[in-house]
Amino acid sequence: MSKYLDLGINEIHDLLVKKEITPVDLVNEVFDRIDLDKLNCFITTDKEGALKRAESLGEPDENNILWGLPIALKDNMVTTNMRTTAGSKMLENFVSVYDAHIVDLINENKMIIIGKTNMDEFAMGSSNQTSYFGPVRNPWNNSLVSGGSSGGSASSVSSRIVPFALGSDTGGSIRQPSSFCGIVGLKPTYGRVSRYGLIAFASSLDQIGPMTRNVFENASLLNILCKKDKRDLTHIGKEEDFTRLIGEPISGMKIAIPEFYISDVIDSQVLDKINDIRKLLEDNGATVETVKVPYIDYAVPLYQIIALGEASSNLARFDGIKYGYSAKNAKNIDEFYKKTRSEGFGDEVKRRIMVGSFMLSGKNVSEYYNKALKIRKSISNSFEEIFKEYDLVIGPTTTCLPYEIGEFLQDPNRSFVDDVLTIPVNMAGLPGMSVPIGFSKEHLPIGMQIIGNKWEEAVMYKLAAFIESKLSLDLVPGGDNNE
Ligand code: GLN
């Protein structure tokens, strides 16, 4: 089997421009690797379509570093040439009549979509165990979870099946699986990437973002994802070169660590690594200070009100008539709705729809939802104060290491607890990323979260790239999948 996909994208690009390899070679290599995949990363792949597209790309474009490169999409981004399931029986056979905005951008930039990755059902979960299509395995140890909900995207990049994947992040779903799988994942500022064609979970929190093997590749992919789209009214359309600060020194940077992010609920191995990084940054001329960020400890309960409320409303459209699964043999329309939704949705989704509907019914709107929105604003204000003094905020991405598949399945609260360090970032609409900073004694990856001020992704990439270059970690997993 060829090994071009183990190279960095600069090297692959050189080979493509010199015509030593072609996009068809890359697509064939992707599918050779998919054939060996034991991780359950993909729900749908399209080898024929990908080969056809690879053949049709014409002459290599030396000014476009992404030309001819393969990419995978989380299966909640709609495509006209492949089904989009959102990890649910409800949409098992659903093919969209339009493409998501990011699909148009990927095509404009001559990349090749090779398939749709596995995910928690409707992006609800943090271990990929709520997927109708089964759990995704962690490439570093195949009996462990990949994290979620963008678990298939994380696992497929980590195991070197594809150099690029897109994920979506409502409360941590890009950053948490990136941390568990040892890759770089970024949730952009809310409004940075159009959500047009992303199957909505909680619209005021959802963002699409890049998941890659390293920082430069992440920034390079984000470069093409921001082009203005009028179809998402929250989309700002700010374009820039996100790689521009990579390689710059970090001396003089002011970095904050929230007290909440180094509390004793966090695994001690994770905390030790964060401390090592703190020292590394200080030794290189940055100032790192521990700070209080009022209200961030409320983020999880707020999320349970706001995200679930929005989800119950967004998922009302799956009624068996407009999209996807339709129940058979119903006696009347009420029974039809009930049967369709009972049979089409999994337990976690049903639980959330019920809680969300409760939050939005009658007096509960003022009792819970409106109050939650106010405290959400306080979280934003707290971060605003921090960013008056500091360039970036850092802390762990997750409280724990990847756990066994099957563990915590009976604990519906777990998927929220997993995201206690990532949810505050969505609440405030800020950009957040996870970057690998080392391994536990069991050789499982540990990620650090970098949180930036709004629209300051380039500054985050600068710090992430500095850490990456200082640590030079070997991030190719040695799990069964790679033997
Ligand atoms: N784990 C969180 C949840 O279960 C976040 C999911 C997400 O970001 N899509 O809702």
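About the thresholds
Residues numbered from 1 in each chain as written. Predicted model: local features only at pLDDT ≥ 70, side-chain atom pairs only at ≥ 80, totals over all residues. Heavy atoms only, no water. Helix = DSSP H or I, 4+ residues; strand = E, 2+ residues; numbered from the N terminus. Rg over C-alpha atoms; globule rule 2.2 N^0.38 Å. Contact = heavy atoms within 4.5 Å. Areas by Shrake-Rupley, 256 points an atom, 1.4 Å probe, with all protein chains shown as cover. Phe/Tyr/Trp six-rings, centres within 6.5 Å; stacked < 30°, edge-to-face > 60°. Buried < 20%, exposed > 50% of the residue type's maximum accessible area, 1.4 Å probe, protein only. 1 Å grid on protein atoms, 1.4 Å probe; cavity = no way out; pocket = protein on both sides within 12 Å on 5 of 7 lines; lining within 4 Å. Points joined across faces, edges and corners; volume = space filled by probe spheres on them. Nonpolar A, V, L, I, M, F, W, Y, C, P; charged D, E, K, R; others polar. Near = heavy atom within 4 Å. Polar contact = N/O pair within 3.5 Å; in protein donor to acceptor, adjacent residues only side chain to side chain. pLDDT = per-residue confidence, 0-100. Pairing = 2+ DSSP bridges. Axes fitted to C-alpha atoms, helices over the stretch in contact; angles between N-to-C directions.

**Observations concerning the overall build of the chain**
Thinking step 1. Of the regular secondary structure elements, the chain holds 15 helices and 13 strands.
Thinking step 2. Relative to the 2.2 N^0.38 estimate, which gives 23 Å for 483 residues, the radius of gyration of the chain is 21 Å and therefore close to what a compact globule would have.
Thinking step 3. Summarising its shape, the C-alpha atoms of the chain cover approximately 65 × 55 × 45 Å along the three principal directions.
Thinking step 4. Considering only intrachain contacts with a sequence separation of at least 6, the fraction spanning at least 24 residues in the chain is 75%.
Thinking step 5. For the chain, the exposed area adds up to about 18200 Å²; of that, 49% sits on carbon and sulfur atoms.

**Overview of the packing of aromatic side chains**
The description of two aromatic rings rests on the distance between their centres and on the angle between their planes.
Thinking step 1. As enumerated under the stated definition, the model contains 16 aromatic pairs in all.
Thinking step 2. Ring geometry for Tyr-98 and Tyr-196: centres 5.1 Å apart, planes at 35°, overall tilted. With Tyr-98 in the loop between β2 (70-74) and α4 (101-108) and Tyr-196 in the loop between β7 (184-187) and β8 (207-212), this pair connects stretches of sequence that are 98 residues apart.
Thinking step 3. On the accessibility criterion, Tyr-98 (37% relative accessible area) is partly exposed.
Thinking step 4. Its relative accessible area of 22% is what places Tyr-196 among the partly exposed residues.
Thinking step 5. Ring centres of Phe-318 and Tyr-323 lie 5.6 Å apart, and the angle between their planes is 50°; this geometry places the pair in the tilted category.

**A short note on the layout of surface pockets**
Thinking step 1. By volume, the largest pocket is sized at about 380 Å³.
Thinking step 2. Forming the walls of the largest pocket are 23 residues, and the residues nearest its centre are Gln-129, Thr-130, Glu-348, Arg-351 and Leu-409.
Thinking step 3. For the lining of the largest pocket, the secondary structure elements donating two or more residues are α11 (347-359) and α13 (414-417).
Thinking step 4. Take the lining of the largest pocket: its biggest share by element is four residues, from α11.
Thinking step 5. Taken together, the residues of the lining of the largest pocket break down into five nonpolar, nine polar and nine charged.

**Some thoughts on the site of the ligand**
Thinking step 1. Close to the ligand lie 15 residues, the nearest being Gly-171, Ser-173, Tyr-303, Arg-352 and Asp-419.
Thinking step 2. The separation between an oxygen atom of the ligand and a polar main-chain atom of Gly-125 is 3.0 Å.
Thinking step 3. Arg-352 is positioned such that a nitrogen or oxygen atom in its side chain is 2.7 Å from an oxygen atom of the ligand.
Thinking step 4. Here the ligand, which alone exposes 290 Å², has 100% of that area covered by the protein.
Thinking step 5. Among the residues forming the shell around the ligand, the class breakdown is four nonpolar, eight polar and three charged.

**Description of the confidence of the model for the chain**
Thinking step 1. Confidence in the prediction of the chain, expressed as mean pLDDT, is 96, and 99% of residues score 70 or more.
Thinking step 2. Low confidence marks residues 479-483, where pLDDT is under 50. Its contacts with residues over four positions away, or in another chain, come to 15 contacts.

**A few points about the sheet that holds β2**
Thinking step 1. Read from one edge to the other, the open sheet built from 11 strands follows the order β1-β3-β2-β6-β8-β7-β12-β13-β11-β9-β10, with strand pairing classed as mixed. Both outer strands of the open sheet, β1 (42-45) and β10 (287-291), are each paired with one neighbouring strand and no more. Strand-to-strand twist of the sheet, defined as the mean angle between neighbouring strand axes without regard to direction, takes the value 30°.
Thinking step 2. Relative to strand β13 (residues 445-452), strand β11 (residues 392-396) runs antiparallel, the two sharing five bridges. Considered in β13, the bridge of Val-393 is made with Ile-451.
Thinking step 3. Packed on one face of the sheet, helix α7 (residues 215-222) meets β2, β6 (164-169), β7, β8 and β12 (432-439) and runs near 145° to β8.

**A short note on the side chain of Asn-138**
Thinking step 1. For Asn-138, the position within the fold is in strand β4 (residues 137-138).
Thinking step 2. Residue classification places Asn-138 among the buried positions, given a relative accessible area of 0%.
Thinking step 3. At 3.0 Å, the side chain of Asn-138 and the backbone oxygen of Val-145 are in polar contact.

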